[in-house]
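Take a look at the letters that make up each chain.
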Amino acid sequence: MFIAHTIEELRAHLGAYQHPAFVPTMGNLHAGHLALVRQAKPLGDVTVASIFVNRLQFLPHEDFDSYPRTWDSDCAQLRAAGCDVLFAPTEKELYPEAQTYKIHPPAGLADLLEGQFRPGFFVGVATVVMKMFACVFSEAKGRRTAVFGQKDYQQLMVIRSMVRQFALPIDIVAGPTQRADDGLALSSRNGYLSPAERAEAVQLSATLKRMASALRDGATDTAALEAQAMDGLRQRGWAPDYLVARRRSDLLPPDASAPAPLVVLGAARLGQTRLIDNLEV
């Protein structure tokens, strides 16, 4: 696995290839990330992953400084998964000057759900992804592919919208959410959970499963369904931000007069750890 710490090194190395397949990460890798790398492998002639903890997407009170950096383990896991190139820039390399040019996704998509509870989050995400695309795909001569996990459902929609509106020649591929045996969605932040919290954490996915099941069985009062789900987690000691049923197309509330495919999404804090998950209905 070739490791590039500068944009110049990355571009020089990738100049020999035609069709990069790219998996961006913030490190602290788990089986979900590695599944994305394996999914990307047959989609290009070189598989590229990045590790960069992006300050722009953290709010002032969030865990940027304490976010786990697990370099040796990450490299070993990427090699084992068949990654060909790792791009691991320093903050100074990727942001040599203050990043005053930023991507602002439309409020109708980016200021609800995660964007409501983490203002500016998707500005940071979209900006770093656009910059990573410029680094990784600048030497590509044909098909360009990037793989993003479906666990971050709204983020995936933001990236797809950005690529479409800027006419970027990049295929955005969704990677299915990877789960532990008990159903908990794999996440780097699961490592923050105490043993007791880890046992309880499965209740987020269990609650979303019940919501999805009710909708499949014909439930139409989504407000009541959402309120019941929120109350259920609160009674178990959680602090939920949202548990909602939304249209897959735009994440807006469903319209009973115009049925559309739905997704249920949730974000809730258990102790000091904020977890997110979703299930398509």
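The structure under discussion appears in the preceding block.
(A) Fine view of the environment of Gly-175. In this structure, Gly-175 sits in strand E6 (residues 171–175). Relative accessible area serves as the criterion here: at 0%, Gly-175 is assigned to the buried category. Residues Gly-175 and Tyr-242, 67 residues apart in the sequence, show an inter-C-alpha distance of 23 Å. Look past the residues within four positions of Gly-175 in its chain and what remains in contact with it is Leu-36, Gln-39, Val-147, Phe-148, Gly-149 and Gln-150.

(B) The sheet that holds strand E7 (residues 239–247), seen in detail. The strand order across the open sheet built from 3 strands is E7-E8-E9, with neighbouring strands paired in antiparallel fashion. Strands with a single pairing partner mark the edges of an open sheet, and in this sheet they are E7 and strand E9 (273–280). Going across the sheet, the axis of each strand differs from the next one's by a mean of 10°, ignoring polarity. Where E7 lies against strand E8 (residues 262–270), 8 bridges are found, and the strand directions are antiparallel. Across the sheet, residue Pro-240 finds its bridge partner in E8, namely Ala-268. Helix H10 (residues 222–235) rests against E7 and E8 of the sheet, and its axis sits at about 155° to E7.

(C) Examining helix H3 (residues 71–81) more closely. For H3, the full list of buried residues reads Asp-74, Cys-75, Leu-78 and Ala-81. Within H3, the buried residues cover an arc of 130° as seen down the axis, which keeps them to one side. Facing away from the buried side of H3, by more than 90 degrees, are the exposed residues Asp-72 and Ala-80. Where the residues of H3 are buried, they touch strand E1 (2–4), helix H2 (31–40), strand E3 (46–51) and strand E4 (85–87). Two residues or fewer after H3 comes Gly-82, characterised by a positive phi angle close to 90°.

(D) Inspection of the pairing of E3 at higher detail. The element E3 is largely enclosed, with a buried count of 6 among its 6 residues. Both faces of E3 are covered, namely the face carrying Val-46, Val-48 and Ser-50 and the face carrying Thr-47, Ala-49 and Ile-51. Of the strand pairs in this sheet, strand E2 (residues 20–25) and E3 are connected by 6 bridges, and their pairing is parallel. For Pro-20, the partnering residue across the bridge sits in E3 and is Val-46. The handedness of the E3 to E4 crossover, carried by H3, is right-handed.

(E) How the structure looks around the packing of aromatic side chains. Under the criterion given, the structure shown has 9 aromatic pairs. Ring geometry for Phe-58 and Phe-64: centres 5.5 Å apart, planes at 75°, overall edge-to-face. Both residues of the pair, Phe-58 and Phe-64, count as buried. With centroids separated by 6.0 Å and ring planes inclined at 35°, the aromatic side chains of Phe-117 and Tyr-242 adopt a geometry described as tilted. A residue pair is termed long-range when its members are at least 10 positions apart, and Phe-117 in helix H6 (residues 114–117) and Tyr-242 in strand E7 qualify at 125 residues.

(F) Expanded view of the nonpolar core. Counting 46 residues, the largest nonpolar core has Phe-133, Ile-159, Ile-172 and Leu-251 as the members making the most contacts within it. Broken down by element, the residue count for this core peaks at 12 residues, all from helix H7 (residues 121–137). Not counting the four nearest positions on each side in its chain, Phe-133 is found in contact with Phe-22, Ser-138, Ala-146, Phe-148, Ile-159, Met-162, Val-163, Leu-168, Ile-170 and Ile-172. By size, the runner-up hydrophobic cluster in this structure holds 20 residues, among which are Met-211, Ala-212, Leu-215 and Leu-270.

(G) Here's a closer look at the sheet that holds E6. An order of E1-E4-E3-E2-E5-E6 is seen for the 6 strands of this open sheet, with the pairing classed as parallel. Each end of this open sheet is capped by a strand with a single partner; those strands are E1 and E6. Ignoring strand direction, the axes of neighbouring strands in this sheet form an average angle of 25°. In this sheet, E6 lies alongside strand E5 (residues 145–149) in parallel orientation, the contact comprising 5 bridges. Pairing of Val-147 across the sheet is with Val-173, part of E6. The strands touched by helix H1 (residues 7–14) within the sheet are E1, E3 and E4, with E4 carrying the most contacts at an inclination of about 155°.

Conventions adopted
- The numbers attached to residues start from 1 for each chain and follow its sequence in the written order.
- Totals for whole chains, interfaces and linings use all residues, but because this is a predicted model, local features are given only for residues with pLDDT of at least 70 and pairs of side-chain atoms are given and counted only at 80 or more.
- With hydrogens and water set aside, each side-chain value is computed from the structure's full complement of heavy atoms.
- To qualify as a helix, a DSSP run of H or I must reach at least 4 residues; to qualify as a strand, a run of E must reach at least 2; elements of each kind are numbered from the N terminus.
- Relative accessibility decides the category of a residue: with a 1.4 Å probe and only protein chains considered, values under 20% of the type maximum give buried, values over 50% give exposed, and everything between is partly exposed.
- Two residues form a contact once any of their heavy atoms are found within 4.5 Å.
- Here the rule is simple: two strands pair whenever DSSP picks up at least two bridges between them.
- Axes here refer to lines fitted to C-alpha atoms; in helices the fit is confined to the stretch in contact. Angles between the N-to-C directions go from 0 to 180 degrees.
- Read the arc as the range of directions from the helix axis to the C-beta atoms.
- With strands facing away from the observer, any crossover in which the path from the first strand over the helix to the second runs clockwise is taken as right-handed.
- Note on ring pairs: Phe, Tyr and Trp rings are taken, using the six-membered ring of Trp, and paired if centres are within 6.5 Å. Classes follow the plane angle, with under 30 degrees stacked, over 60 edge-to-face and the rest tilted.
- To form a nonpolar core, buried Ala, Val, Leu, Ile, Met, Phe, Trp, Tyr and Cys residues must be joined to one another through side-chain atoms within 4.5 Å.

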